[in-house]
Amino acid sequence: MKRVCVTGAGGFIGHHLVTLLKEKGYWVRGVDLVYPEYTGVDADEFELLDLRRWDAALQATRGVDEVYALAADMGGMGFISTHHAQILHNNSLINLHTLDAARVNGVQRYLYSSSACIYPEYLQTETDVVPLKESDAYPAQPQDAYGWEKLFTELLCSYYAAEYPIETRTVRFHNIYGPFGTYDGGREKAPAAICRKIALAEDGASIEIWGDGEQTRSFCYIDDCVEGIYRIMQSDYAKPLNLGTDEMVSINELAHLVGDVAGKRHVDMKHIPGPQGVRGRNSDNSLLREVLGWEPPTCLRDGLGPTYRWIEKQVTSA
Ligand code: NAD
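The rules behind each value
- Residues numbered from 1 in each chain as written.
- Predicted model: local features only at pLDDT ≥ 70, side-chain atom pairs only at ≥ 80, totals over all residues.
- Heavy atoms only, no water.
- Near = heavy atom within 4 Å.
- Polar contact = N/O pair within 3.5 Å; in protein donor to acceptor, adjacent residues only side chain to side chain.
- Helix = DSSP H or I, 4+ residues; strand = E, 2+ residues; numbered from the N terminus.
- Nonpolar A, V, L, I, M, F, W, Y, C, P; charged D, E, K, R; others polar.
- UniProt positions renumbered as here; feature names shortened; annotations may be inferred.
- Contact = heavy atoms within 4.5 Å.
- Pairing = 2+ DSSP bridges.
- Axes fitted to C-alpha atoms, helices over the stretch in contact; angles between N-to-C directions.
- Parallel < 35°, antiparallel > 145°, perpendicular 65-115°, else oblique.
- Left-handed = near helix turned anticlockwise from the far one by under 90°.
- Domains from an automatic or database assignment.
- Buried area = accessible area lost by both parts, 1.4 Å probe.
- Salt bridge = Lys/Arg side-chain N within 4 Å of Asp/Glu carboxyl O.

**Q** Would you mind going over the site of the ligand in detail, with residue names and values included?
**A** Neighbouring the ligand are 26 residues, the closest being Ile 13, Asp 32, Asp 50, Tyr 146 and Ile 176. Between the ligand and the protein, one listed contact pairs an oxygen atom with a backbone N or O atom of Ile 13 at 2.8 Å. Within the contact set of the ligand, an oxygen atom lies 2.6 Å away from a side-chain nitrogen or oxygen of Asp 32. Looking at the shell around the ligand, the elements that each hand over two or more residues are α1 (12-23), β5 (109-115) and α5 (145-163). Top element by residues in the shell around the ligand is β5. It accounts for 3 residues. Partitioning the shell around the ligand into residue classes produces 14 nonpolar, 7 polar and 5 charged.

**Q** Explain the UniProt feature "domain: NAD-dependent epimerase/dehydratase" (unreviewed entry) in the protein chain to me, and be specific about the residues and the numbers.
**A** Here, the residues flagged by UniProt with the feature "domain: NAD-dependent epimerase/dehydratase" (unreviewed entry) are residues 4-236. Secondary structure across residues 4-236 divides into 37% helix and 19% strand, with the first and last C-alpha atoms of the span separated by 18 Å.

**Q** Give me the lowdown on the side chain of Thr 168, citing residues and values where you can.
**A** Along the chain, Thr 168 falls in strand β6 (residues 167-173). Among the polar contacts listed, one links the side chain of Thr 168 to the backbone oxygen of Cys 157, at a separation of 3.3 Å. With residues up to four places along the chain from it excluded, the contact list for Thr 168 reads Tyr 110, Cys 157, Ser 158, Ala 161 and Ala 238.

**Q** Run through unusual backbone geometry, naming residues and quoting values.
**A** Of the consecutive residues Tyr 138 and Pro 139, the connecting peptide bond is found in the cis state with omega at 0°. Relative to the elements of secondary structure, Pro 139 occurs in the loop between β5 and α5. You will see that Asn 175, though not glycine, has its phi angle at about 50°, which is positive. Along the chain, Asn 175 falls in the loop between β6 and β7 (176-177). Its identity is not glycine, yet Phe 180 carries a phi of approximately 65°, on the positive side.

**Q** Summarise the sheet that holds strand β11 (residues 241-243); cite the residues concerned and give the values.
**A** An order of β3-β2-β1-β4-β5-β6-β11 is seen for the 7 strands of this open sheet, with the pairing classed as parallel. Each edge of the open sheet carries a strand with a single partner, namely β3 (45-48) and β11. Between one strand and the next, the sheet's axes are offset by a mean angle of 20°, whatever the strand orientation. This element, helix α4 (residues 84-104), spans β1 (3-7), β4 (66-69) and β5 of the sheet and lies at about 165° to β5. Its contacts with the sheet put α5 on β5 and β6, and the angle it makes with β5 is roughly 155°.

**Q** Quick rundown of the environment of His 174? Include the residues and the values.
**A** Positionally, His 174 belongs in the loop between β6 and β7. It is 19 Å that separates the C-alpha atoms of His 174 and Trp 210, two residues lying 36 residues apart in sequence. Residues within four places of His 174 in sequence aside, it is in contact with Ala 116, Tyr 119, Ser 218, Phe 219, Cys 220, Asn 242, Leu 243, Gly 244, Arg 281, Asn 282 and Ser 283. Side chain to side chain, His 174 and Asn 242 meet in a polar contact 3.2 Å long.

**Q** Describe the packing of helix α8 (residues 251-262) against helix α10 (residues 300-317), with residues and values.
**A** Relative to each other, α8 and α10 sit at 60°, their axes nearing to 9 Å. Here α8 lies oblique to α10, going by the angle between them. Crossing handedness for the pair α8 and α10: right-handed. For the pair α8 and α10, contact is made by Leu 254, Leu 257, Val 258, Asp 260, Val 261 and Ala 262 and by Leu 300, Arg 301, Leu 304, Gly 305 and Tyr 308, respectively. Residues of the contact of α8 with α10, tallied by class, amount to 8 nonpolar, 1 polar and 2 charged.

**Q** Describe in detail the domain arrangement of the protein chain, supporting the description with residues and values.
**A** According to the domain assignment, the protein chain consists of domain 1 (3-176 + 221-243) and domain 2 (178-218 + 248-279 + 299-317). Residue-level contacts link 26 residues of domain 1 with 26 residues of domain 2. Interface area, domain 1 with domain 2, both sides summed: about 2,100 Å², of which 61% is carbon and sulfur. Ranking the residues of domain 1 by area buried against domain 2 places Tyr 38, Thr 127 and Tyr 221 at the top, with a combined share of 30%. Viewed at the interface, domain 2 and domain 1 are joined by 1 salt bridge. One can count 7 residue pairs in polar contact (both at pLDDT 80 or more) joining domain 1 with domain 2. Broken down by secondary-structure element, the contributors of at least two residues to the side of domain 1 that touches domain 2 are α1 and α3 (77-80).

So this is what it looks like as structure tokens:
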């Protein structure tokens with residue numbers, strides 16, 4: 001039985017990934033600062049460790065064949081546009097230590113969770129943006145410290161794979177959403193925040209949207225995300241790969257879709273000043289399709305159903 005470690009296993013994507021890996025028959029160690037907030041622990045072993053520390057990273061990656069490195073100090077636009085120093089400091093330490101500890105412990109394969117935030121700001125200035133392909137990353141100009149740190153760790157992984165006996169995989173996630181993810185408290189992302197606001201709004205009331213709501217994104221459902229992570233780890237492809245959908249919508253369209261799913265067709269939008277990130281972003285999945293013969297199949301409307309219902313249940317029971 002293969003033994004794997006998932007860091008960030010108390011977080012949104014990490015805890016879903018642990019569940020998938022258990023279903024596939026792996027022995028799994030989950031590592032995080034915290035236990036999963038909304039579910040139990042599926043991992044065989046779960047250790048509370050601070051991966052900013054070298055000794056903790058060594059402990060986390062001992063005795064496993066593979067590491068899925070998902071731990072990060074992160075959140076939605078509200079968080080990443082206002083915590084640059086904290087994000088650059090904490091995530092640099094987490095990633096430097098986890099990758100090197102994996103090497104020292106003789107881990108064979110290491111998957112790094114990068115982000116669409118590495119793409120240059122100058123390619124994302126229009127709402128009808130050209131979908132971003134992997135080779136667009138350079139010349140580099142990510143918008144935030146979060147993206148710069150992700151790009152730095154992508155490079156670190158490629159150098160480690162070239163100079164040490166460890167294989168690496170790098171996945172650039174594009175806006176993952178779904179049930180059992182953060183939906184309040186300041187770190188939530190747009191789909192969860194909009195689901196929460198609509199669940200709390202009376203029919204005929206209005207919800208607040210940051211900016212004019214015309215900024216565009218594509219969103220990827222969590223079940224597809226963890227399936228994609230697993231497939232990329234199994235593949236022979238070592239360079240960065242997008243993992244997202246190319247179904248681009250504006251934030252206003254996203255809010256209308258959530259309203260439909262919620263059965264609240266008369267929720268108005270009040271546009272207020274707030275961080276919006278880049279003007280437009282979409283994933284070019286050509287390389288993903290070529291490498292895996294697969295891409296995330298769930299359309300946004302289908303993924304929003306279970307996401308909205310779960311968040312509605314949380315806010316109404318609270
Ligand atoms: P999340 O915040 O839900 O999970 C990250 C987990 O890392 C948290 O549980 C947190 O406690 C843990 N962590 C933070 N600091 C730690 C430390 N010092 N030691 C140990 N654990 C620590 O985020 P997520 O949405 O599950 O994202 C997982 C990964 O995917 C992250 O690397 C993130 O940057 C990346 N990513 C996510 C998205 C997305 O849309 N969710 C998009 C792009 C990239």
